[in-house]
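Residue-level structure breakdown
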Amino acid sequence: MSKLIVSLSPHAHGTDTVERNMYGVIIALLPALLVSFYYFGLGSVVVCLTSVLACVAIEWAINKYIMKNPRNTILDGSAALTGLLLGMNLPSNLPVWIIIIGALFAIGVAKLSFGGLGQNIFNPALVGRCALLVAFPAQMTSWPVAGQWGSYLDAETGATPLAIMKTAIKNGDASVLQQLPDSFSLLLGDHSLAGGAGTIGEVCALALLIGLAYMLWKKIITWHIPVSIIGTVFIIAGIMHLVNPVYADPLSVILSGGLMLGAIFMATDYVTSPMTAKGQLIYGIAIGFLTIVIRNWGAYPEGMSFAILIMNAFTPLINNYVKPKRFGEVPAKN
């Protein structure tokens, strides 16, 4: 008679690893990265390469000399991904020394000061971006015009679609919105009518949607967060446009700025987003609502980064609210 051995759960093992997911997201970012090279040329290469190398080097140095961690964490892809996301959230004419400061905030402050991957409260790349936005507002809101392939620090700048929308709201003049590119141009990344093209990673919505399709296919993420964010923004922006045409049409709103980049690649971060589908829907709807509020009535034309960081802080509360009851749990008696 064979002996029955009962072991503790979990009994099923998946194929997911940190490395698989991190490098999977990097692969999903490649279409947007290649498009950014086409639109921004040398500036995109310098900014993204500097950001990735700085993040990897800072993580290695802090682990080795400050945390005394014998395990080499730079090979799991998380530092490289943080660097790539940070670079894609920056303008293509940002000086190298400012990028390095952003990498220090992203890795040193937002990630490793909390204990490393899996323990950080806020998205590291967004912390780096927002720290730079507060410290260097002039450099962080200078948007190069696309097509200057050989230019870097001396690139000509212009107004972004979000800046045009903000001007229309501020002046109460819907005719200003005629300066916006059409929705198809925004989808492909043609910002020639508006002027400035925004950050490196937000220039082409179609490339970001290709990345979304890849991550859904590989089951790296689920649809709940990106769809709830984009859907919420579309519905609210549509209602506002119908009530008052000074607000841009919903397609222009969702295709402009960092909304697609944030909804697909930033808000879906495993560590800083809710664990359940219900929690992710609540999280996504709140991010969409806050993005609209900050964009229309805040100090900055863009609100996606701030909205995600605000909801990162609420993620533990959302997880606690939607957590499923344990199987076989008996309700407590008063």
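For the structure given in this document, a descriptive report is provided here.

Procedures and definitions
- Counting from 1, residues in each chain are numbered in the order their sequence is written.
- Per-residue local features of the predicted model are confined to residues with pLDDT of at least 70, and side-chain atom pairs are confined, for both listing and counting, to 80 or more; whole-chain, interface and lining totals are unaffected and use all residues.
- Just so you know, side-chain values use all the structure's heavy atoms and leave hydrogens and water out.
- A run of DSSP states H or I qualifies as a helix once it reaches four residues; a run of E qualifies as a strand once it reaches two. Both are numbered from the N-terminal end.
- Classification of residues uses two cut-offs on accessible area relative to the type maximum, computed with a 1.4 Å probe and protein chains only: under 20% is buried, over 50% is exposed, and between them is partly exposed.
- We call two residues in contact whenever any of their non-hydrogen atoms come within 4.5 Å of each other.
- Pairing of aromatic side chains requires ring centres within 6.5 Å, counting the rings of Phe and Tyr and the six-membered ring of Trp. Pairs whose planes differ by under 30 degrees are stacked, by over 60 edge-to-face, and all others tilted.
- Placement of a charge over a ring requires the Lys NZ or Arg CZ to be within 6 Å of the ring centre, with the centre-to-atom vector within 35 degrees of the ring normal.
- Note on geometry: axes are lines fitted to C-alpha atoms, helical ones only across the stretch in contact, with angles between N-to-C directions running from 0 to 180 degrees.
- Every angle not falling under 35 degrees, over 145, or within 65 to 115 is termed oblique; those three ranges are roughly parallel, roughly antiparallel and roughly perpendicular.
- It is the rotation of the near helix from the far one that decides the hand of a crossing: anticlockwise by less than a right angle makes it left-handed, clockwise makes it right-handed.
- In the scheme used here, Gly and all other residues not listed as nonpolar or charged are polar, with Ala, Val, Leu, Ile, Met, Phe, Trp, Tyr, Cys and Pro taken as nonpolar and Asp, Glu, Lys and Arg as charged.
- Patch construction takes residues with relative accessible area above 30% that form no salt bridge. Like charges are linked within 9 Å, and nonpolar side chains (Val, Leu, Ile, Met, Phe, Trp, Tyr) are linked within 5 Å.
- For the area figures, the Shrake-Rupley method with a 1.4 Å probe applies, and any residue is considered shielded solely by the protein chains shown.
- One side-chain nitrogen of Lys or Arg within 4 Å of one carboxyl oxygen of Asp or Glu is enough to make a salt bridge.
- By this rule the span expected of a helix is its residue count minus one, scaled by 1.5 Å.
- Bend, in this description, refers to the angle at a residue between axes fitted to the seven residues ending there and the seven starting there.

**Comments concerning the overall build of the chain**
When helices and strands are tallied, the chain shows 14 helices and zero strands. Start at the N end of the chain and walk to the C end: the helices and strands fall as α-α-α-α-α-α-α-α-α-α-α-α-α-α. Relative to its full complement of 334 residues, the chain shows a buried share of 52%. Considering only contacts within the chain whose residues lie at least 6 apart along the sequence, 75% involve residues at least 24 apart.

**Points about the packing of aromatic side chains**
Under the defined criterion, the tally for this structure stands at six aromatic pairs. Look at W97 and F136: their rings are 5.4 Å apart centre to centre, the planes differ by 90 degrees, and that puts the pair in the edge-to-face class. Linking W97 in helix α4 (residues 96–109) with F136 in the loop between α5 (124–135) and α6 (137–140), this pair joins segments that are 39 residues apart in sequence. F136 sits in the buried class, given a relative accessible area of 16%. Each ring, one from Y300 and one from F306, has its centre 5.8 Å from the other, and the planes form 20 degrees; the classification is stacked. Its guanidinium or amino end placed over the ring of Y65, K64 lies 5.7 Å from that ring's centre, counting from NZ or CZ. A cation over an aromatic ring shows up here: K218 above the ring of W217, its NZ or CZ 4.5 Å from the ring centre.

**Here's the deal with the packing of α4 against α5**
In a packed pair of helices, the relevant descriptors are the angle between the two axes and the axis-to-axis distance. Put simply, α4 and α5 touch, their axes get as near as 7 Å, and they point 135 degrees apart. In terms of orientation, α4 and α5 fall into the oblique class. Crossing handedness for the pair α4 and α5: right-handed. In this structure, α4 uses I98, I101, G102, F105 and A106 to contact α5, whose residues at the interface are P124, A125, V127, G128, A131 and L132. Among the residues making up the contact of α4 with α5, the classes are represented as nine nonpolar, two polar and no charged.

**Overview of the environment of L281**
Relative to the elements of secondary structure, L281 occurs in helix α13 (residues 277–297). Sequence separation of L281 and V227 is 54 residues, and the distance between their C-alpha atoms is 8.6 Å. Setting aside its immediate chain neighbours within four residues, L281 contacts W223, H224 and S228.

**Comments concerning a nonpolar patch on the surface**
A cluster of nonpolar residues, F234, I235, I239, V243 and L251, forms a patch on the protein surface that exposes about 490 Å² of accessible area. Counting residues per element, the nonpolar patch draws most heavily on helix α10 (residues 224–243), at four residues. As for its position among the elements, I239 is in helix α10.

**Examining the side chain of E59**
With respect to the helices, strands and loops of the structure, E59 is situated in helix α2 (residues 42–66). Here E59 falls in the buried class, since its relative accessible area comes to 1%. Contact partners of E59, with chain neighbours within four places excluded, come to T73, I74, S78, A79, I107, K111 and L112.

**A look at the environment of I221**
Structurally, the position occupied by I221 is in the loop between α9 (205–217) and α10. According to the relative accessible area criterion, I221 is buried, its value standing at 9%. Along the backbone, I221 and T268 are 47 residues apart, and their C-alpha atoms lie at a distance of 7.0 Å. Residues contacting I221, with those up to four places away along its chain left out, are L212, M215, L216, P226, I264, T268 and Y270.

**Here's the deal with the pattern of salt bridges**
Scanning the model with the defined rule gives two salt bridges in all. A salt bridge links E59 to K111; the shortest N-O distance between them is 2.8 Å. In this pair, E59 sits in helix α2 while K111 sits in the loop between α4 and α5, placing the two residues 52 residues apart along the sequence. Across the pair R295 and E302 runs a salt bridge whose closest N-O atoms are separated by 2.9 Å. The exposure classification of R295 matches that of E302, with both residues buried.

**Observations concerning the packing of α10 against α13**
Two elements in contact, α10 and α13, have axes whose closest approach is 7 Å; the angle formed by their N-to-C orientations is 40 degrees. On the basis of the axis angle, α10 is oblique to α13. For α10 against α13, the interelement crossing comes out right-handed. Across the interface between the two elements, H224, I225, S228, I229, T232, V233, I236, A237 and M240 from α10 touch A277, Q280, L281, Y283, G284, I285, I287, G288, F289, I292, N296 and W297 from α13. By residue class, the composition of the contact of α10 with α13 is 14 nonpolar, seven polar and no charged.

**Looking at helix α1 (residues 18–40)**
Residues three or four positions apart in an α-helix share a direction because the helix packs 3.6 residues into each turn. Given a rise of 1.5 Å per residue, 23 residues ought to cover 33 Å, and the 31 Å separating the end C-alpha atoms of α1 matches this to within 8%. In the structure, α1 departs most strongly from a straight axis at L30, where the bend amounts to approximately 40 degrees and where the proline P31 lies between one and four residues downstream. Backbone geometry just after α1 places G41 at a positive phi near 60 degrees.

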